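A closer look at the structure
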Amino acid sequence: MSGASAHRVVAFLRGINLGSRRLTMDELKSRFDGLGYTDVATYLASGNVVFDDPGTDPGALESEIEAHLAAELGYAVDTFVRRLQALEPLPALDGVEAARAEGFKPQVIFLKEPTGDAAASALAALETSDDRFRPLGREILWLRRGGLSDSPISPTDLEKALGGRTSTMRTLNTVRRLVAKFGREGP
């Protein structure tokens, strides 16, 4: 089963290695092994865990992982699960390469539920000449020219625009590398 993108999922963990919360990737992998998942691998130290799809709904996987990690680690870890196959089209979206040529660095914001019209409108209102948003259901492509820390859009502004929804973010390059490494070839 391993190696075929239709059979792999990735859990994007929010804030797994921030401040005093430090977990090696080997420790994180062992926590997922403890859930009974197979062919578990971590990618980067930012909380990306890939494993064989147990055939469970991604929302149920998110709840299961969050409950397990909270019990194991003693703190909440927001989790966003995606099938690798669903991530494959993101790097090739229309306009991404043109935006890169204009100096934008694409970021992917992961949500548990689709944005909806109200959030899409609120994100559009946040846009600047250096910040563009493209809602894509449970993902949002944030095209940012310059560093995120230089953006006038604060994490609070973003959370408010999303209606208080929790999110996590990765660069589109990280998503592309995850798909290339685990979606087609396996670990």
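Everything below is about the structure shown above.
Below is a short write-up of the structure. Model, not experiment: these values are computed from the prediction. (Residues numbered from 1 in each chain as written. Predicted model: local features only at pLDDT ≥ 70, side-chain atom pairs only at ≥ 80, totals over all residues. Heavy atoms only, no water.)

What the protein chain contains, in helices and strands, is seven helices and eight strands. Taken against the 2.2 N^0.38 rule, which gives 16 Å for 187 residues, the C-alpha radius of gyration of the protein chain at 16 Å falls within 12% of a compact globule. Expressed as a percentage of the 187 residues in the protein chain, the buried residues total 43%. Accessible surface, the protein chain as shown: approximately 8,800 Å² in total, 49% of it carbon and sulfur. (Helix = DSSP H or I, 4+ residues; strand = E, 2+ residues; numbered from the N terminus. Rg over C-alpha atoms; globule rule 2.2 N^0.38 Å. Buried < 20%, exposed > 50% of the residue type's maximum accessible area, 1.4 Å probe, protein only. Areas by Shrake-Rupley, 256 points an atom, 1.4 Å probe, with all protein chains shown as cover.)

On to the sheet that holds strand β7 (residues 139-145). In spatial order, the strands read β6-β7-β5-β8; together these four strands make up an open sheet with antiparallel pairing. Either end of the sheet is taken by a strand with one partner, and the two such strands are β6 (131-135) and β8 (168-171). Recorded for the sheet is a direction-independent mean angle of 25° between the axes of neighbouring strands. Bridge analysis of strand β5 (residues 104-110) against β8 gives four bridges, and the strand direction is antiparallel. The residue of β8 that forms the bridge with Phe 110 is Thr 168. (Pairing = 2+ DSSP bridges. Axes fitted to C-alpha atoms, helices over the stretch in contact; angles between N-to-C directions.)

Before going further, it helps to spend a moment on the pairing of β5. A large share of β5 lies buried, amounting to six of its seven residues. The sheet contact formed by β5 and β7 spans seven bridges and is antiparallel. In the strand pairing of β7, Ile 109 is matched with Ile 140.

Right, let's talk about the packing of aromatic side chains for a bit. Here the structure, examined in full by the defined rule, presents six aromatic pairs. Both rings, one in Phe 12 and one in Phe 110, keep their centres 4.1 Å apart while their planes meet at 15°; by these two values the pair is stacked. Taken together, the residues span a long stretch of sequence, with Phe 12 in strand β1 (residues 8-13) and Phe 110 in strand β5 at a distance of 98 residues. With a relative accessible area of 0%, Phe 12 lands in the buried category. For Phe 110, a relative accessible area of 0% puts it in the buried group. Between the aromatic rings of Phe 32 and Tyr 37, the centroid separation amounts to 6.1 Å while the plane-to-plane angle is 50°, which identifies the pairing as tilted. Like Tyr 37, Phe 32 is buried. One aromatic cluster is present, built from ring pairs that chain together Phe 32, Tyr 37 and Phe 51. (Phe/Tyr/Trp six-rings, centres within 6.5 Å; stacked < 30°, edge-to-face > 60°.)

So, on to the sheet that holds strand β2 (residues 41-43). Ordered in space as β2-β3-β1-β4, the four strands form an open sheet in which the pairing is antiparallel. The open sheet has two edge strands with one neighbour each: β2 and β4 (79-83). Neighbour-to-neighbour, the strand axes of this sheet turn through a mean angle of 25°, independent of strand direction. In terms of strand pairing, β2 meets strand β3 (residues 48-52) through three bridges, oriented antiparallel. If you follow Thr 42 over to β3, its bridge partner there is Val 49. Relative to β4, helix α2 (residues 58-73) is tilted by about 140°, and along the sheet it contacts β1, β3 and β4. (Contact = heavy atoms within 4.5 Å.)

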